[in-house]
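The lines below spell out each chain.
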Amino acid sequence: MERNDNQDIEIVVAIMFDPANRLLAVRKKGSIYYQLPGGKIRANETELAALQRELKEELGVDLPAEDFRFITTEKAEAVNEKGRRVRGHVFRYTSRAEVAQIQALAEIEEVQWIRQDQWETWDLANLLRKVVPSQWSGFQGL
């Protein structure tokens with residue numbers, strides 16, 4: 001994966017579904033927007049290591065690296081930092097085990113499981129809106 005060579009906010013996120021095919025979205029304290037779980041990548045940290053660290057810190061789950069598959073790297077307007085963009089490395093969690101143990105920790109105010117037929121009614125981060133549709137089985141489009 002290529003590195004960020006500009007001033008975009010470099011993040012890594014996970015697309016995660018539960019057994020009912022609902023999408024996991026989190027809302028940070030002080031924000032109205034729901035986004036994919038994850039966060040900023042530290043210096044000398046791989047994208048996957050950063051994702052595992054963030055999920056443990058923010059959701060209390062320690063998920064094995066082999067349960068994640070890299071999907072894409074996308075840019076989108078940041079919702080919590082006006083005038084900035086995020087450059088998100090997007091992984092998909094390929095297992096549905098352990099998702100019931102997820103809880104809001106650290107800067108996460110709320111955890112929500114969003115149904116596919118209701119997702120357009122939520123205040124969602126731009127990166128989530130951009131990358132999730134192609135990952136939902138049977139998604140009909142925006």
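Anything mentioned here points back to the structure above.
All of the points below concern the structure found in this document. Please read all numbers here as calculations on a predicted model, not as lab measurements. (Residues numbered from 1 in each chain as written. Predicted model: local features only at pLDDT ≥ 70, side-chain atom pairs only at ≥ 80, totals over all residues. Heavy atoms only, no water.)

### Some points on the sheet that holds strand β5 (residues 68-77)
Strand-to-strand pairing in sheets goes through backbone hydrogen bonds, with the strands running parallel or antiparallel. Note the following rule: By definition, two strands form a pair when at least two bridges between them are found by DSSP. Helix and strand definitions here come from DSSP, where helices need a minimum of 4 consecutive H or I residues and strands a minimum of 2 consecutive E residues; each element is numbered from the N-terminal end. An axis is simply a line fitted to the C-alpha atoms; with a helix, the fit covers only the stretch in contact. Between two such axes, the angle follows the N-to-C directions and lies from 0 to 180 degrees. Contact definition: two residues touch when any of their heavy atoms are within 4.5 Å.
Ordered by their spatial adjacency, four strands build an open sheet running β4-β1-β6-β5, and the pairing between neighbours is mixed. Strand pairing shows two members of the sheet lacking a second neighbour, β4 (38-40) and β5, which therefore form its edges. The sheet shows a mean angle of 20° between the axes of neighbouring strands, taken without regard to direction. Bridge count between β5 and strand β6 (residues 85-93): nine bridges; the pairing is antiparallel. Looking at β6, one finds that T72 is bridged to V90. Contacting β1 (9-15), β4, β5 and β6, helix α1 (residues 47-59) crosses the sheet at an angle of about 115° to β4.

### Brief notes about the sheet that holds strand β7 (residues 108-114)
A sheet is described by the order of its strands in space; here three strands give the open sequence β3-β2-β7, paired in antiparallel fashion. In this open sheet, the two edge strands, each paired with only one partner strand, are β3 (34-35) and β7. Relative to β7, strand β2 (residues 23-28) runs antiparallel, the two sharing six bridges. If you follow L24 over to β7, its bridge partner there is W113.

### Digging into the pattern of salt bridges
What counts is decided by this rule: Salt-bridge detection follows one rule: a side-chain nitrogen of Lys or Arg within 4 Å of a carboxyl oxygen of Asp or Glu. Whether a residue is buried, partly exposed or exposed follows from its accessible area with a 1.4 Å probe, protein chains only, as a fraction of its type maximum: under 20%, in between, or over 50%, in that order.
Applying the stated criterion across every chain, the model contains 14 salt bridges. Where E57 meets R42, a salt bridge forms, and the shortest distance between an N and an O atom there is 3.5 Å. With a gap of 15 residues between them, E57 in helix α1 and R42 in the loop between β4 and α1 connect regions that are remote in the sequence. Its salt-bridge partner being R53, residue E45 comes within 2.7 Å of it at the nearest N-O pair. As far as burial versus exposure is concerned, E45 and R53 are alike and both buried. What you see here is one network of salt bridges that share partners, running through R42, E45, R53, E54 and E57.

### Examining the environment of Q118
Topologically, Q118 is positioned in the loop between β7 and α2 (126-131). Taking the C-alpha atoms as reference points, Q118 and R22, separated by 96 residues in sequence, lie 10.0 Å from one another.

### Here we look at the packing of aromatic side chains
Applicable threshold: Any Phe, Tyr or Trp ring, taking Trp's six-membered ring, that has another such ring centre within 6.5 Å forms a pair; planes under 30 degrees apart are called stacked, those over 60 apart edge-to-face, and the others tilted. Over a ring means this: the NZ of a Lys or the CZ of an Arg is within 6 Å of the ring centre and within 35 degrees of the ring normal.
Evaluated as defined, the whole model comprises three aromatic pairs. Ring centres of Y34 and W122 lie 5.0 Å apart, and the angle between their planes is 85°; on these two criteria the pair is classed as edge-to-face. Of the two residues, Y34 sits in strand β3 while W122 sits in the loop between β7 and α2, which places them 88 residues apart along the sequence. Both rings, one in F70 and one in F91, keep their centres 5.5 Å apart while their planes meet at 70°; by these two values the pair is edge-to-face. Here the residue F70 occupies a position in strand β5, and F91 occupies one in strand β6, the gap between them amounting to 21 residues. Classification of F70 by relative accessible area gives partly exposed; the value is 33%. Between R129 and the ring centre of W119, over which it is positioned, the NZ or CZ distance is 5.5 Å.

### Digging into the nonpolar core
For the record, the criterion: Each nonpolar core is a collection of buried residues, namely Ala, Val, Leu, Ile, Met, Phe, Trp, Tyr and Cys, held together in the definition by side-chain atoms within 4.5 Å.
In terms of nonpolar packing, the biggest core is built from 21 residues, with I15, L23, L36, L128 and V132 touching the most fellow members. Mapped by element, the contributors of at least two residues to this core are β1, β2, β6 and α2. Looking at this core, the element that brings in the most residues is β1, giving four residues. Ignoring sequence-local partners within four residues, the contact set of V132 consists of I15, L23 and L36. Judged by nonpolar contacts, the second largest core, of 19 residues, contains A50, L55, L63 and Y93.

Structural measurements only, silent on function.
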